[in-house]
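Here's the letter readout for the chains.
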Amino acid sequence: MRILLVEDDERIAEPLAEDLRHQNYIVEIAPDGIQGWDYAQAAAYDIILLDLMLPLLDGISLCKRLRAAKYPGFVLMLTAKDTTSDKVIGLDAGADDYLVKPFKLAELEARIRALLRRPSALRPPILSQGKLALDPACRTVTYAENLLDLTPTEYLILEYLLQNSSQVFTRAMLLNKLWELDRDSGENTIKTHINNLRRKLKEVGCEDKLIETVYGVGYRLRAN
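Keep in mind that this is a model prediction, so the values were computed, not measured.

What counts, and at which threshold
- Residues numbered from 1 in each chain as written.
- Predicted model: local features only at pLDDT ≥ 70, side-chain atom pairs only at ≥ 80, totals over all residues.
- Heavy atoms only, no water.
- Axes fitted to C-alpha atoms, helices over the stretch in contact; angles between N-to-C directions.
- Helix = DSSP H or I, 4+ residues; strand = E, 2+ residues; numbered from the N terminus.
- Parallel < 35°, antiparallel > 145°, perpendicular 65-115°, else oblique.
- Left-handed = near helix turned anticlockwise from the far one by under 90°.
- Contact = heavy atoms within 4.5 Å.
- Nonpolar A, V, L, I, M, F, W, Y, C, P; charged D, E, K, R; others polar.
- Pairing = 2+ DSSP bridges.
- Salt bridge = Lys/Arg side-chain N within 4 Å of Asp/Glu carboxyl O.
- Buried < 20%, exposed > 50% of the residue type's maximum accessible area, 1.4 Å probe, protein only.

### Some details on the packing of helix α2 (residues 33-42) against helix α3 (residues 59-68)
Here is step 1 of the chain: Between α2 and α3, whose axes approach to 10 Å, the crossing angle comes to 20 degrees. By the angle between their directions, the pair α2 and α3 is classed as roughly parallel. Handedness of the α2/α3 crossing: right-handed. Taking contact as the criterion, the partners of G33, G36, W37 and A40 in α2 are, on α3, L62, R65 and L66.
Here is step 2 of the chain: Among the residues making up the contact of α2 with α3, the classes are represented as four nonpolar, two polar and one charged.

### So, unusual backbone geometry
Here is step 1 of the chain: In the segment running from K101 into P102, the intervening peptide bond is cis, with an omega of -10 degrees.
Here is step 2 of the chain: Tracing the chain through its elements places P102 in the loop between β5 (97-100) and α5 (105-116).
Here is step 3 of the chain: Here A144, not a glycine, exhibits a phi torsion of approximately 50 degrees, which is positive.
Here is step 4 of the chain: With respect to the helices and strands, the residue A144 is situated in the loop between β8 (140-143) and β9 (146-147).
Here is step 5 of the chain: Positive phi outside glycine occurs at E145, with the angle close to 70 degrees.

### Some thoughts on the sheet that holds strand β3 (residues 47-51)
Here is step 1 of the chain: In space, the five strands of this open sheet follow the order β2-β1-β3-β4-β5, with parallel pairing throughout. Of all strands in the sheet, those bounded by a partner on one side alone are β2 (26-30) and β5. Across the sheet, the mean angle from the axis of one strand to that of its neighbour is 20 degrees, orientation sign disregarded.
Here is step 2 of the chain: As paired elements, strand β1 (residues 2-6) and β2 share five bridges and run parallel to each other. Directly across from V6, in β2, lies its bridge partner A30.
Here is step 3 of the chain: Docked against the sheet, helix α4 (residues 84-92) engages β4 (74-79) and β5, running at close to 145 degrees with respect to β5.

### A closer look at the pattern of salt bridges
Here is step 1 of the chain: Under the definition given, this model contains 11 salt bridges.
Here is step 2 of the chain: Between R220 and E212 there is a salt bridge, with the nearest N and O atoms lying 3.0 Å from each other.
Here is step 3 of the chain: For E212, a relative accessible area of 24% puts it in the partly exposed group.
Here is step 4 of the chain: Connected through salt bridges with shared partners, the residues E7, D51 and K101 form a single ionic network.

### What to know about the pairing of strand β7 (residues 132-135)
Here is step 1 of the chain: The pairing of strand β6 (residues 127-129) with β7 spans three bridges and is classified as antiparallel. Looking at β7, one finds that S128 is bridged to A133.
Here is step 2 of the chain: Linkage of β6 to β7, two consecutive antiparallel strands, is achieved through a turn of two residues, within which G130 is found at a positive phi near 60 degrees.
Here is step 3 of the chain: Relative to β8, β7 runs antiparallel, the two being bridged by four bridges. Bridged to A133 within β8 is T142.

Nothing here speaks to function; it is geometry throughout.
Pasting the structure below:
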């Protein structure tokens, strides 16, 4: 799941983005309204977290521009303005929800989950292969209906493999995919993540080696 955070205060943006990445979201930060518009045109985001008071292009104007351009995802406004009229203006501009600063991270995460439960043109389908199922909206993975407890990195690797189940991925390719989540990873850590995934799958009843090693090349999901 991809989130765009449009926030000009680094003291808020960086810790918030880091927390959301630990919840298995891919997060990108735009420091002003113009860059937020550019990011939204360049990629599909499931949710845009939009500060109201932004340089160059304010949040209300950006939200109106997004909706005029038929942006299909959700917009959650983050602002210190808490009057009823401010909330009405934000919602009338096209926002789906409105959260007043300062807020608890737990409340923001709950509101994001609530938005993702709504129907959306961007809501991704459940990814599955045999008894393995990954729900991108809820960020859960099950095998034979048994829940797997995965780290954000393990989750992202498995999601990538399921999205491209017939493809073989080198360690370098997987590392490139993980760059936004863990910039300190090296190619040698990919093997560790794969081994951990295999161990956790076995713990919930997967006796077969679902993630295959293609020697000299990389990894792929084993065909049913």
